[in-house]
Amino acid sequence: MAKQAEKYIKTMPWSIVEEGFHAGRNAVSESLFSIGNEYCGVRGYAEEGSAAQGLQGCYFNGIYEWAKKANETAYKGIIKRGHYMVNAVNPVRADLFIDGERVDMAAENVSGFYRSLDFKSGLYLRSYTVKTARGKVKLAFSRFLSMTDVHNLYQKIEIEPDYPAEIKIYAATDFNVTHGGKKGRWKTVYSSAEGGVAKIVGKTQSTGQYLACAQKVIVSAGTLAPREEKNAAGVEVTAVVNGSFTLEKRVNFYADKSGEFGVKCAEKAVAPDISFNEALSANKKYYEKFWAESDIGIEGDDENQQGIRFCIFQLQQTYHGISPTDNIGAKGLTGEAYSGHAFWDTETYCLPYFLFNNLDAAKDLLLFRYHTLGKAKERAKELDCEGACYPIATLNGNEACDLWQHASLQFQPSTGVAYGIRQYVEISGDEQFLPEYGMEMLLEICRFLRSRGEYGADGRFGYFCVMGPDEFQMMVNHNCYTNYMAKKTFEYALATFEKYPGRAKELGATEEEKAAFAACARDMYIPYDEESKLFEQHDGFFRLPHVDVKKIPITDFPLYHHWSYDRIYRNDMIKQPDVLMFMLLFGGDFTFEQKLKNYEYYEPRCIHESSLSPSVHSILASELKKHDEALSFFGFASRLDLDDYNRNTCEGLHTTSIAAAWLNIVYGFGGVRNFDGVLNINPSIPEIWRGYSFKLNYRGANIAVKVTRGRAEISCDGEVPAVVCGKNVVLSGDTVFEI
């Protein structure tokens, strides 16, 4: 790979640590040290403010704005107005003055800078020492979001001067935020401040959503004076500190996403009575249980141990199923890139983690798609099609991507939803999901796929003028991924109609329609050469000019910033796996030889310009006994953000890639798959590792897998039929397998 790591985070097993202030990487650190709990996410910016480059960002799941201007002249099929997750509020503002001078962590008089994020509690801590004209002052800033009451945030500021220092702090909740470097989109409709308590309510300009914030400040010394500013409310603290001083701030949020309560939502926000330490203790208990059920341990590889725990921790912060109206944005709640949108990554990369760790959350992700089915049907009409076309990018179910080559040509979200339904039902055993929710989505997706596909002059069915997962090839015919996934969607839908004929009839699936779906599946063109065993990514791919991706200089990345847009499309360079992707999703359909031939052909052509790419290659490399390659790709995946491989972590974390890193361990080295409702486990182990372990919940049974050199120990507290190392077994109790 041409990509290189940028290392500055200290390697620790249960945390990330930055020692010394890296001014040029501050925006990267703000992403890495983000805290979240699905309801809300706060970047790791300095609450006291700083001249260092960064992004002060706080985001709420489901709080968004429409684009300022509608494109009324847009051609049919191109969206007229997009939407985006909006930067909401600064809930931790703490303007800090010592002896009349404002404190800034980037100033020359600062030393001993340190920050950490603890995976066992969710606590974010920064500390440093300021040298003033009169002496030295030690400062520590701590904050976390509650995982047990997701409406609450806690903040603590500790000050320890070595002389009697005059301290002044304005601790406020502030709607004076920017978005994308421009003026924010909030209007303050209510504010109050009295004693140590303040409330403020903001309203979005175009969507009419409300956010209420209530804060309470407790100090160890000094005086409190309520203070309101334009779009901000809080308390000003004044004290002369000789020894130590503590400020504790407790914040409660109430997001009124529907606008039902309006200004009255101020009554819903009440600052919590529980203290910082008590709430932190509850967080520790929450994470203790979480890690007991979800930890992945690696022996003999400290960097990847830290990397995979960072990934699991951040995924849990981003989503754990508190509401079926939430989804997983490509950047989670850590930045504004991709506008907070959810993509097809949710069902293909993120869903497996929840299927084996949190089935309720997995179901909620699919229910998000069910509740937005109506909007997907509207989108299909815009594309002159029938049925439902799920958006390539969305927060609320509407298509939000204004790039027609993606929004109108990529159908991965629709086939991904169908794939997710199938995986959920087969892994969970929740058969009732199909007649209640799944079949309606499957029927409408098939109607879209039938109406969008066409028969060519050769009598073969398929999709013309499309874009597959590899976004470096557009307006292609018969993209193999698109055709293959559509074929599997038709076949699965027909099987469910046959299993639940009464429900299919209720939904309006006619015999003529089902026959048409069957014909589409039967006649689907899958570009494949029997002699070479290669699937052609699309018609004509094998004839494209070749680019040696290893010769592209590191300074050219990211390519979208350094290459002209059309240059990217004129060769056989692949952004991310396309053929290899469907060979992973339906691995049971292909032989070892087919996987090997296609891996060896397509892997050298992949530039990994997508954060989702390395894990897929690692999983397949592991299966193909290419253990060194598998480990190399895994390190790229698990530390993509920690080591800023793509030079864009400053924009936010690659949340869906973080989920793919979990896949990398469990599906890759662990060899876990669901093939037609049967659990498969086929472990391998990298040469440099002494061992690794992971846990799954499958059909209500807890399964623990520990792999060491030459053996796998599997414990199961139920009875689970499975295929382990190629043998049909019933997992129960403790069993040792040779690998």
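Values in this document were obtained by computation on a predicted structure and should not be read as measured data.

Criteria and thresholds
- Residues numbered from 1 in each chain as written.
- Predicted model: local features only at pLDDT ≥ 70, side-chain atom pairs only at ≥ 80, totals over all residues.
- Heavy atoms only, no water.
- Pairing = 2+ DSSP bridges.
- Helix = DSSP H or I, 4+ residues; strand = E, 2+ residues; numbered from the N terminus.
- Axes fitted to C-alpha atoms, helices over the stretch in contact; angles between N-to-C directions.
- Salt bridge = Lys/Arg side-chain N within 4 Å of Asp/Glu carboxyl O.
- Buried < 20%, exposed > 50% of the residue type's maximum accessible area, 1.4 Å probe, protein only.
- Arc of directions from axis to C-beta.
- Contact = heavy atoms within 4.5 Å.
- Polar contact = N/O pair within 3.5 Å; in protein donor to acceptor, adjacent residues only side chain to side chain.

A. Layout of the sheet that holds strand β21 (residues 245-256). Here nine strands make up an open sheet; going across it, the order is β1-β9-β10-β11-β12-β21-β18-β17-β16 and the pairing antiparallel. Looking at strand neighbours, the two that pair on one side only are β1 (15-19) and β16 (186-194), the edges of this open sheet. Mean inter-strand twist for the sheet, computed between neighbouring axes without regard to direction, equals 15 degrees. In terms of strand pairing, strand β10 (residues 124-131) meets strand β11 (residues 136-145) through eight bridges, oriented antiparallel. Paired with Y124 across the two strands is R143, which belongs to β11.

B. Local environment of the pattern of salt bridges. As enumerated under the stated definition, the model contains 46 salt bridges in all. Among the ionic pairs, E47 bridges to R126, the shortest N-O distance being 2.9 Å. Within this pair, whereas E47 is found in the loop between β3 (40-42) and β4 (58-60), its partner R126 is found in strand β10, the two being separated by 79 residues in sequence. In this pair, the class of E47 matches that of R126, namely buried. Between R422 and D676 there is a salt bridge whose closest N-O contact spans 3.1 Å. Of the two residues, R422 sits in helix α8 (residues 412-428) while D676 sits in the loop between β27 (673-675) and β28 (678-681), which places them 254 residues apart along the sequence.

C. Helix α6 (residues 373-382), seen in detail. Those residues of α6 that fall on the buried side of the exposure criterion are L373, A376, R379 and A380. In a view along the axis of α6, the buried residues occupy a sector of 110 degrees, so they form one face of it. In α6, those exposed residues whose orientation departs by more than 90 degrees from the buried face are E378 and K381. On the buried face of α6, the contacting elements are α5 (359-371), α7 (404-407) and α9 (433-452).

D. Expanded view of the environment of K80. With respect to the secondary-structure elements, K80 resides in the loop between β5 (64-66) and β6 (83-85). C-alpha separation for the pair K80 and F535, spaced 455 residues apart in sequence, amounts to 37 Å.

E. Examining the side chain of H341 more closely. Of note, H341 is situated in the loop between α3 (302-318) and α4 (345-355). At 2.6 Å, the side chain of H341 and the backbone oxygen of H83 are in polar contact.

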